[in-house]
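This is what each chain is made of:
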Amino acid sequence: MNYEHALKLNVLWIKKFRPHIKDNLLPDHKNINNANTAKMESARARCASFKCLKEMRDESPFTKDETIASIMMSDVFRGYDTSPPAMKQMYGAETRNELLEKSINEEDYCEKIISHLETSAEGLGLAIKQAKKEIVLLSYIYNLDMENANKHFEEWKKISYLSQDWWEENHNSRGVDIGDEEEHKNENAYIEFMNREKQIYQVFEKLLKIAKEQNDTVKPILKAGKRMNKRKNGKKNRG
């Protein structure tokens, strides 16, 4: 690689790739992390609510009906009636009263929902770990810290494999949002997730390759070129 070629690659790194990492990739992954954190907290809160309903079903001295449950759980599922159809389908209830009635009267209903929510929280926990690792990895690539970038890429792959295993085992009754369109569900959700993982992997692989070339080849050539120019200028001044 000659000096002119190295100079062109350096301009591309400074003007194209670094801004793309800073202005697009990092904010995107932070937004994904925030969204998944909110979903996990919501899943844990709903799980706690169903555990309370289960306890009411098993131990409450009151008559087991949805009116009593509604009074005792007044702050829980308050906006359920306006929930998206997908959530109502998951819970198998069209209204809040129907959900409460099933919770305290239908055998194993709470247990099934609790298991589903705990599994969801587990998957979201993996997604959060992965997004955090992606943010750290992108930061190291941005700063051309290749030792740490490669280290965190290997760690990211391990978390990605765990996430892939989770999706393979739990993709039934799951969905993946696809912008403003309908979400992918079940097997299609698993395929969509795997496609996204492949795309993210390819992005990181490409960025690492570019960053390595920038760090190992471009920067040394530019430094050598600057030293050569200084020597030439020094000779001219002495002459």
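Residues numbered from 1 in each chain as written. Predicted model: local features only at pLDDT ≥ 70, side-chain atom pairs only at ≥ 80, totals over all residues. Heavy atoms only, no water.

Draft legend 1. Spotlight on a negative patch on the surface. Together, Glu122, Asp165, Glu168 and Glu169 make up a region of like negative charge exposed at the surface. It is helix H6 (residues 146-170) that provides the largest number of residues to the negative patch, a total of 3 residues. Tracing the backbone shows Asp165 in helix H6. (Patch = residues over 30% accessible without salt bridge, like charges linked within 9 Å, V, L, I, M, F, W, Y side chains within 5 Å. Areas by Shrake-Rupley, 256 points an atom, 1.4 Å probe, with all protein chains shown as cover. Salt bridge = Lys/Arg side-chain N within 4 Å of Asp/Glu carboxyl O. Lys, Arg positive; Asp, Glu negative; His and termini not counted. Charge placed at Lys NZ, Arg CZ, Asp CG, Glu CD. Helix = DSSP H or I, 4+ residues; strand = E, 2+ residues; numbered from the N terminus.)

Draft legend 2. Molecular detail of the nonpolar core. In terms of nonpolar packing, the biggest core is built from 20 residues, with Trp13, Ile21, Leu138, Ile141 and Leu207 touching the most fellow members. Residue assignment for this core shows that the elements contributing at least two residues are helix H1 (3-59), helix H5 (109-142), H6 and helix H7 (186-238). In this view, Leu207 contacts Phe17, Ile21, Leu25, Leu138 and Ile141; residues no more than four positions away in its chain are not counted. Among the nonpolar cores identified, the runner-up in size contains 15 residues, and Ala43, Leu100, Tyr109 and Leu117 belong to it. (Core = buried A, V, L, I, M, F, W, Y, C linked by side-chain atoms within 4.5 Å. Buried < 20%, exposed > 50% of the residue type's maximum accessible area, 1.4 Å probe, protein only. Contact = heavy atoms within 4.5 Å.)

Draft legend 3. A look at the packing of aromatic side chains. What the rule picks out here adds up to 10 aromatic pairs. With centroids separated by 5.4 Å and ring planes inclined at 40 degrees, the aromatic side chains of Phe50 and Tyr91 adopt a geometry described as tilted. Taken together, the residues span a long stretch of sequence, with Phe50 in helix H1 and Tyr91 in helix H3 (residues 85-91) at a distance of 41 residues. Judged on exposure class, the residue Phe50 and its partner Tyr91 are both buried. Ring centres of Phe153 and Tyr201 lie 5.5 Å apart, and the angle between their planes is 35 degrees; on these two criteria the pair is classed as tilted. One end of the pair, Phe153, is in helix H6; the other, Tyr201, is in helix H7, and 48 residues separate them in sequence. Its relative accessible area of 6% is what places Phe153 among the buried residues. Following the ring pairs from residue to residue traces out a cluster consisting of Phe153, Trp156, Tyr201 and Phe204. Directly above the ring of Tyr142 sits Arg18, whose terminal nitrogen or CZ lies 3.8 Å from the centroid. (Phe/Tyr/Trp six-rings, centres within 6.5 Å; stacked < 30°, edge-to-face > 60°. Lys NZ or Arg CZ within 6 Å of the ring centre and 35° of its normal.)

Draft legend 4. A look at the pattern of salt bridges. Following the criterion strictly, the structure yields 6 salt bridges and no others. Where Lys54 meets Asp58, a salt bridge forms, and the shortest distance between an N and an O atom there is 3.4 Å. Residue Lys54 and its partner Asp58 are both found in helix H1; the two are separated by 4 residues, about one turn of the helix. According to the relative accessible area criterion, Asp58 is partly exposed, its value standing at 44%. Taking the shortest distance from any N to any O, the salt bridge between Asp216 and Lys212 comes out at 3.0 Å. One end of the pair is Asp216 and the other is Lys212, both in helix H7 and 4 residues apart, which spans about a single turn. Look at Lys212 and you get partly exposed, because its relative accessible area is 48%.

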